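Fold and geometry: a report
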Amino acid sequence: MNLDRRDFIKVLSTGVLAAAGAEKALAAEVDRYKRSPEAVGILYDATICVGCKACEIGCKQANNLPVEHSGLDEYHGVQNIWDSAKDTSPNSYIKIKVHKDSSTAKKDQFENGYSFMRTACMHCIDPDCVSVCPTSALIKDPVTGIVSWDIDACCGCRYCQMACPYLIPKFEYDKAFPKIEKCFMCSHRVKDGGIPGCAEFCPTGATLFGKFADILEEAKKRLTLAEGAEYSYPQHTLDSGKQTPKKAAKYIQYVYGEKDGGGTQYIILSAVPFEKLGLPKLPDHSSASKSEGLQHTIYKGMIAPAVVLAGLAVAAYRSTNQEEKEG
Ligand code: SF4
Ligand code: SF4
Ligand code: SF4
């Protein structure tokens, strides 16, 4: 079968036009997921974090995770004394990191300073990990918004690892039947009215748990504080009654996670630019909304594939007819 070049280009253009229509339609799909009014979240304020890592221990205790040794935990020649995971892992859902510059003389300043940063699942509004998971092992709770996983459904394909813009899901490379692990915002505690282990153990309030709307309001309130203003930072939850009095740092006027990548339920405040803390610059919509929007629109009712197929059939018919006439 000889397809006429012009016919082939026509058919292809039809498909491209259908795809262009899909591009327009997907603009409406952006921000397709909003946070539910009952959504929960975590506010991490790097300016009041003291790097004590109590949150890491709270997480291990709340989730029954084993101690992890990395060779960094040596003291006077004795090894494996304390938990010392280098990064998040199947056994460590949260990691406090320190970002330093030159002399590291002052906390919460980038040049010649340092800042702590908490790494854990961001509980994205429209999570790429959920979008790519072929077995629906990763699930976003429609009420709390917590992204958890069905460990029995995980087939270990690691698509979620590749899709996550924050490099969060971790794989059990050392297991015979490996699975993916990550923070699931202590959903087992939250469903019974409890709070995550990290927020419970944090002594300063740097990790604060609550309804998402409330913690976002709290974050925005902190951004109005003048540098050096006295503020009582709530500990654990907004209404715990416990507070840490402290002078406010010079905040970057931005709540990371409010919109980034379509928004997250773990939001961050800092006095050091977020990109210096290792947080990616993301557009205001998720990759999942774009890729799924495009696919769903192109394949909606199978119209675009049907148009392309019909066009190819007509072109092939014409081509065969032409050959017969010439023959
Ligand atoms: S941070 Fe990564 S693992 Fe967590 S919900 Fe978002 S995409 Fe999924
Ligand atoms: S929310 Fe729970 S699982 Fe997630 S880091 Fe905190 S303690 Fe760990
Ligand atoms: S427990 Fe609180 S203060 Fe200590 S490292 Fe964790 S977030 Fe920072």
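In what follows, the structure referred to is the one given above.
Reading guide: rules and limits
Residues numbered from 1 in each chain as written. Chains lettered and ligands numbered in written order. Predicted model: local features only at pLDDT ≥ 70, side-chain atom pairs only at ≥ 80, totals over all residues. Heavy atoms only, no water. Helix = DSSP H or I, 4+ residues; strand = E, 2+ residues; numbered from the N terminus. Buried < 20%, exposed > 50% of the residue type's maximum accessible area, 1.4 Å probe, protein only. Contact = heavy atoms within 4.5 Å. Areas by Shrake-Rupley, 256 points an atom, 1.4 Å probe, with all protein chains shown as cover. Near = heavy atom within 4 Å. Nonpolar A, V, L, I, M, F, W, Y, C, P; charged D, E, K, R; others polar. Pairing = 2+ DSSP bridges. Polar contact = N/O pair within 3.5 Å; in protein donor to acceptor, adjacent residues only side chain to side chain. Expected span 1.5 Å × (residues − 1). Arc of directions from axis to C-beta. Salt bridge = Lys/Arg side-chain N within 4 Å of Asp/Glu carboxyl O.

**Notes on the overall build of the protein chain**
Helix and strand counts for the protein chain stand at nine helices and twelve strands. Expressed as a percentage of its 327 residues, the buried residues of the protein chain come to 44%. A separation of at least 24 residues holds for 60% of the contacts in the protein chain among residues at least 6 apart in sequence. When the accessible surface of the protein chain is split by element, carbon and sulfur atoms take 56% of a total near 17400 Å².

**Structural notes on the site of ligand 2**
The local shell around ligand 2 consists of Cys-59, Asn-63, Tyr-93, Ile-94, Cys-183, Phe-184, Met-185, Cys-186, Pro-196, Gly-197 and Cys-198. At the level of elements, α2 (54-63) and α6 (197-201) are the ones that each hand at least two residues to the shell around ligand 2. Of the residues belonging to the shell around ligand 2, the class tally is nine nonpolar, two polar and no charged.

**What to know about the site of ligand 1**
Looking at ligand 1, there are 13 residues lining it, with Cys-121, Met-122, Cys-124, Cys-129 and Cys-164 nearest. For the shell around ligand 1, a count of residues per class yields ten nonpolar, one polar and two charged.

**Details of the sheet that holds strand β3 (residues 106-107)**
Across the sheet, which stays open at both edges, the three strands sit in the order β2-β4-β3 with mixed pairing between neighbours. Each edge of the sheet is formed by a strand with only one pairing partner; in this case those strands are β2 (95-100) and β3. The pairing of β3 with strand β4 (residues 113-119) spans two bridges and is classified as parallel. The residue bridging Lys-107 from the neighbouring strand is Tyr-114, located in β4.

**Quick word on the side chain of Thr-47**
Secondary-structure assignment places Thr-47 in the loop between β1 (40-45) and α2. Overall, Thr-47 belongs to the buried group, its relative accessible area being 0%. One polar contact links Thr-47 to Asp-45, side chain to side chain, over a distance of 2.6 Å. When sequence neighbours within four positions are dropped, the list of residues in contact with Thr-47 reads Lys-107, Asp-108, Lys-246, Ala-249, Tyr-251, Leu-269, Ser-270 and Ala-271.

**Points about helix α7 (residues 212-223)**
Under the 1.5 Å per step criterion, the end-to-end length of α7 is 17 Å for twelve residues, consistent within 8% with the ideal 16 Å. Listing the buried residues of α7 in full gives Phe-212, Ile-215, Leu-216, Glu-218, Ala-219, Arg-222 and Leu-223. Down the axis of α7, the buried set is contained in an arc of 160 degrees. They therefore lie on one face. As for α7, its buried residues are in contact with β1, β9 (207-211), β10 (230-234) and β12 (266-269).

**Overview of the pattern of salt bridges**
On inspection of all chains with the given rule, the structure shows 13 salt bridges. Between Lys-221 and Glu-218 there is a salt bridge, with its nearest N and O atoms 3.9 Å apart. Note that Lys-221 and Glu-218 are positioned in helix α7 at a spacing of three residues, about one turn of the helix. For Lys-221, a relative accessible area of 44% translates into the label partly exposed. One salt-bridge network, in which partners are shared between bridges, spans Asp-45, Glu-218, Lys-221 and Arg-222.

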